[in-house]
Amino acid sequence: MKTKLAILLLKTLLIFNVSLNLCAQVTVGAGVEPINVSALEIISQQESGPRGLRLPQLTATEVDILASNINQLESADKSRANGLMIFNTTIACVMVWNGKEFKSLCGDISPAEITFDCANMRIYPNNGLPPYTPTGYQQGLSLDGASSYITIPATVTKAGTYSVTATTGNGYSFITEGKMLDVGSYILKLSGMGTPITGNDNPQYYDQITLSSNGEKLTTGCTPTDLQTIPVAPAVGKATFTFNCGSSVVNGIYTINADLNSTNTITVQVNVSSPGYYSFSAEAAGMHFSRSGEWTTGGLQSVTLLSTGKPTQAGIVPITIIGESSGGNVTCDKNITVSYRAIKIAGFGGGTYQPGTASTVQSSRAIIQSSANFGATGTVPTQGLTIIDGGYNRISTVMSQNPDIIVIGYNYHTTAADNTVLEDFVNNKKGFVLAMTQDNGSADAALINAICGSSIGLTYGGGGGVVYQMPNLDNPILNGPFGDIRNLYWGEDAGTTFRANAIPAGATSLSAGNEIIWYNNFLWIGDGGFTSGDRTNSDPNIWPCMNDSQGRPISKSYRLGTVYNAQFYANVIAYAIKFVQANK
């Protein structure tokens, strides 16, 4: 009996298989022929209600496993997977295998995968001190998003779209959304919106935050009980006041890329005509200041704004302090001086020709040691310059002291070993080299070629007292913080200048006859005495670099015209400081 049933079943399957092979086109759900171009047609019977095609339902993890399995197939089998379709339940989207990966049909970018460091979440404005208690939230006072926001460190492990929200259930919330185009670490800023409905002085009833990412509530360290609560002050009217801006002061020392601390504050002075709630905020170049509270009396009042963040640019940074007054916002504009870090400069050569051996009044040293030029409040604010004297020693002897800038003057000539160290210093360690050389064309050309990867040669130019015109190029050396010297002249010292017979690829000539070559963080000048000079020498044929009684760069009258070696030198050092701060 079992044998007969098996034979019957086998015959049935064979007949069914033949039928399918004979019919290249199939319709499911109705007894009609499919259209000519359709291999399979599915029809929903209207009497039984609308129907659809249900694809395999896979989570994002399962999609990744399936993709891995496909990629392990042999080439022929793998190509047959092209067009494979599934429904990703994690992102609620149909996905298609395109031969390399599953692509979502819901848009160009699927949701990002992000983990959050909620322990370091910050709510602004706050009191500026750990644990950074939020301040300034008041019943009936709308959030403006500029001063009311949340920052959360986040790590993106898969690029894509994101929408992160923080809700309170009290009429206001915080949100950020967009696209993460690459994996890595980010600081997300959620801007506040809405108006607190109720206020309460009891910490037991402060507003709890619920964090969600791409519609999913966060867990594990990010639940409402893990996060800070937000105190919302009961309604009180805004104070009416005006700034006494001239008496408002920026406090502390600011260094680029250095975290602000308790000394970095802004003390504002205001005239209060009507007491009440106040809130101040200011933001510029990565620095944030805020403070809020309530005045119970009028008259002259002082408030110290606390800081967070770190400066992202050096120099004079304008910042606008905004105060919320009942008659509308009032402002006060101040400047914050942000300096570069301390810089080490190593000099090679002798006499007046390099900063390590020049006297305090000779320009090679005086210009870079002048506080008016490179002090904490100088033209280029810097937290000090340390000079290392390398003399005529080999370049490698100072590398253990970690110099940022190397200056080579007369009459130093590098060896092949020196060139190897300098090439690594410029191209890998991202230090800056200013080389002022003459009298040994083969050695000086070898230095240029080692750093620039070129094969140029050097020829002789003019002698003592000759001047050379600089081009009309807008770059930070010819047009820098110590002057715009485009189309002006520089002067040759007592020797004979070298000039390049060609410009290395990627380099720029900063002198009409190729006597100066600029290559990113390397600058060569074919005159070893370019920075020679002091405050009093008036000889029109030598020492073309002058400085005044405060070490500031000044021009000099030369035999064939006025020369600006000092301004050029100061602009070079300013550019070098900025470069190594950003890259080294």
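Look a little higher up for the structure.
Residues numbered from 1 in each chain as written. Predicted model: local features only at pLDDT ≥ 70, side-chain atom pairs only at ≥ 80, totals over all residues. Heavy atoms only, no water.

A.B. asks: When you look at the sheet that holds strand S4 (residues 85-88) in this model, what are you seeing that I'm missing?
C.D. replies: Backbone hydrogen bonds are what pair the strands of a sheet, in a parallel or an antiparallel way. Reading across from one edge, S3-S4-S5-S6 is the order of the four strands in this open sheet, with mixed pairing throughout. Each edge of the sheet is formed by a strand with only one pairing partner; in this case those strands are strand S3 (57-58) and strand S6 (102-104). Pairing of strand S5 (residues 93-97) with S6 involves three bridges; the strand directions are antiparallel. Pairing of Val 96 across the sheet is with Lys 103, part of S6. (Pairing = 2+ DSSP bridges. Helix = DSSP H or I, 4+ residues; strand = E, 2+ residues; numbered from the N terminus.)

A.B. asks: In this structure, what is going on with the sheet that holds strand S36 (residues 522-525)? I would like to understand it.
C.D. replies: What the seven strands build is an open sheet, ordered S25-S24-S26-S27-S36-S35-S34; its pairing is mixed. Of all the strands in the sheet, the pair left with one neighbour each is strand S25 (385-391) and strand S34 (508-509). Two elements, S34 and strand S35 (residues 516-519), share two bridges in a ladder whose sense is antiparallel. Bridge pairing links Thr 508 to Trp 518 in S35. Helix H8 (residues 565-583) contacts strand S24 (343-348), S25, strand S26 (405-408), strand S27 (432-436), S35 and S36 of the sheet and is inclined by roughly 155° relative to S27. (Contact = heavy atoms within 4.5 Å. Axes fitted to C-alpha atoms, helices over the stretch in contact; angles between N-to-C directions.)

A.B. asks: Help me out: how do you make sense of the packing of aromatic side chains in this one?
C.D. replies: To describe a pair of aromatic rings, one takes the distance between the centres and the angle between the planes. Following the criterion strictly, the structure yields 23 aromatic pairs and no others. Taking 5.4 Å as the distance between ring centres and 55° as the angle between the ring planes, the aromatic pair formed by Phe 348 and Tyr 412 counts as tilted. In this pair, Phe 348 is assigned in strand S24 and Tyr 412 in the loop between S26 and helix H6 (416-427), connecting sequence segments 64 residues apart. Of the two residues examined, Phe 348 and Tyr 412, each falls in the buried class. Between Phe 530 and Phe 568 the ring centres are 5.3 Å apart and the planes differ by 65°, which places this aromatic pair in the edge-to-face class. (Phe/Tyr/Trp six-rings, centres within 6.5 Å; stacked < 30°, edge-to-face > 60°. Buried < 20%, exposed > 50% of the residue type's maximum accessible area, 1.4 Å probe, protein only.)

A.B. asks: When you look at the side chain of Gln 581 in this model, what are you seeing that I'm missing?
C.D. replies: Mapped onto the secondary structure, Gln 581 falls in helix H8. With relative accessibility at 10%, the residue Gln 581 sits in the buried group. Among residues more than four places away in sequence, those in contact with Gln 581 are Ile 256, Asn 257, Tyr 340 and Arg 341.

A.B. asks: How should unusual backbone geometry be read in this particular structure?
C.D. replies: Comment: phi is negative for the bulk of residues other than glycine, and the bulk of peptide bonds are trans. A cis amide bond links Tyr 124 with the next residue in sequence, Pro 125, at an omega value of -5°. One can find Pro 125 in the loop between strand S8 (122-124) and strand S9 (149-158). In this chain, Pro 130 is followed by Pro 131 through a cis amide linkage whose omega measures 5°. Turning to its location among the elements, Pro 131 is positioned in the loop between S8 and S9. Within the chain, Asn 402 stands out as a residue other than glycine whose phi angle is a positive 55°. If you trace the backbone, Asn 402 turns up in the loop between S25 and S26.

A.B. asks: What am I meant to see in the layout of surface pockets here?
C.D. replies: Gaps between atoms show up when a probe of the same size as a water molecule is rolled over them. Volume-wise, the largest pocket comes out at about 930 Å³. If you go around the largest pocket, you meet 37 residues; those closest to its centre are Ile 91, Pro 111, Ala 112, Glu 113 and Lys 158. Those elements giving two or more residues to the lining of the largest pocket turn out to be helix H2 (60-71), S5, S6, strand S7 (113-116) and strand S14 (216-217). In terms of residue count, H2 provides more of the lining of the largest pocket than any other element does, six residues in total. When grouped by side-chain class, the residues that make up the lining of the largest pocket number 15 nonpolar, 13 polar and nine charged. Taken as a whole, the second largest pocket spans an internal volume of roughly 310 Å³. Around the second largest pocket, the lining comprises 15 residues; the ones closest to its centre are Arg 122, Tyr 124, Thr 151, Ile 187 and Gly 309. Put simply, the parts of the chain that give the lining of the second largest pocket at least two residues each are S8, S9, strand S12 (184-194) and strand S21 (299-309). (1 Å grid on protein atoms, 1.4 Å probe; cavity = no way out; pocket = protein on both sides within 12 Å on 5 of 7 lines; lining within 4 Å. Points joined across faces, edges and corners; volume = space filled by probe spheres on them. Nonpolar A, V, L, I, M, F, W, Y, C, P; charged D, E, K, R; others polar.)

A.B. asks: What exactly am I supposed to notice about empty space enclosed by the protein here?
C.D. replies: Summed over all chains, the structure comprises one cavity of 30 Å³ or more. Lining the largest cavity are 14 residues, and of these Gly 136, Leu 141, Ser 142, Ser 148 and Tyr 277 lie nearest its centre. In terms of residue class, the lining of the largest cavity is made up of six nonpolar, six polar and two charged.

A.B. asks: Whenever I open this one, the pattern of salt bridges confuses me. Can you help?
C.D. replies: It is possible for side chains of opposite charge to pair when their charged atoms get near one another. Within this structure, the stated rule accounts for eleven salt bridges. Ionic pairing is found between Lys 310 and Asp 259, a salt bridge with its closest N-O pair at 3.4 Å. Taken together, the positions of Lys 310 in the loop between S21 and strand S22 (315-325) and Asp 259 in the loop between strand S17 (254-255) and strand S18 (265-274) put the pair 51 residues apart, joining distant regions of the chain. Residue Lys 310 is classed as partly exposed on the basis of its relative accessible area of 36%. (Salt bridge = Lys/Arg side-chain N within 4 Å of Asp/Glu carboxyl O.)

A.B. asks: Looking at this structure, how should I read the state of the cysteines?
C.D. replies: Covalently bonding the sulfur atom of one cysteine to the sulfur atom of another cysteine gives a disulfide. Under the definition given, this model contains two disulfides. The partner cysteine of Cys 118 in its disulfide is Cys 222, sulfur to sulfur 2.0 Å. Every disulfide takes its handedness from the sign of the S-S torsion; for Cys 118 and Cys 222 that torsion is 105°, giving right-handed. Pair noted here: Cys 118 is in the loop between S7 and S8 and Cys 222 is in the loop between S14 and strand S15 (240-243), with a separation of 104 residues, a long-range link. Accessibility assignment for this pair places Cys 118 and Cys 222 in one class, buried. (Disulfide = S-S within 2.5 Å.)

A.B. asks: In this structure, what is going on with the pairing of S9? I would like to understand it.
C.D. replies: Two faces make up the sheet, and in a regular strand the side chains alternate between them. Of all ten residues in S9, seven are buried; the element is thus mostly enclosed. Across four bridges, S7 lies against S9 in antiparallel orientation. When the bridges of S9 are listed, Glu 113 appears paired with Lys 158. Alignment of S9 against S12, held across eight bridges, turns out to be antiparallel. Looking at the pairing, Thr 155 lines up with Ser 185 of S12.

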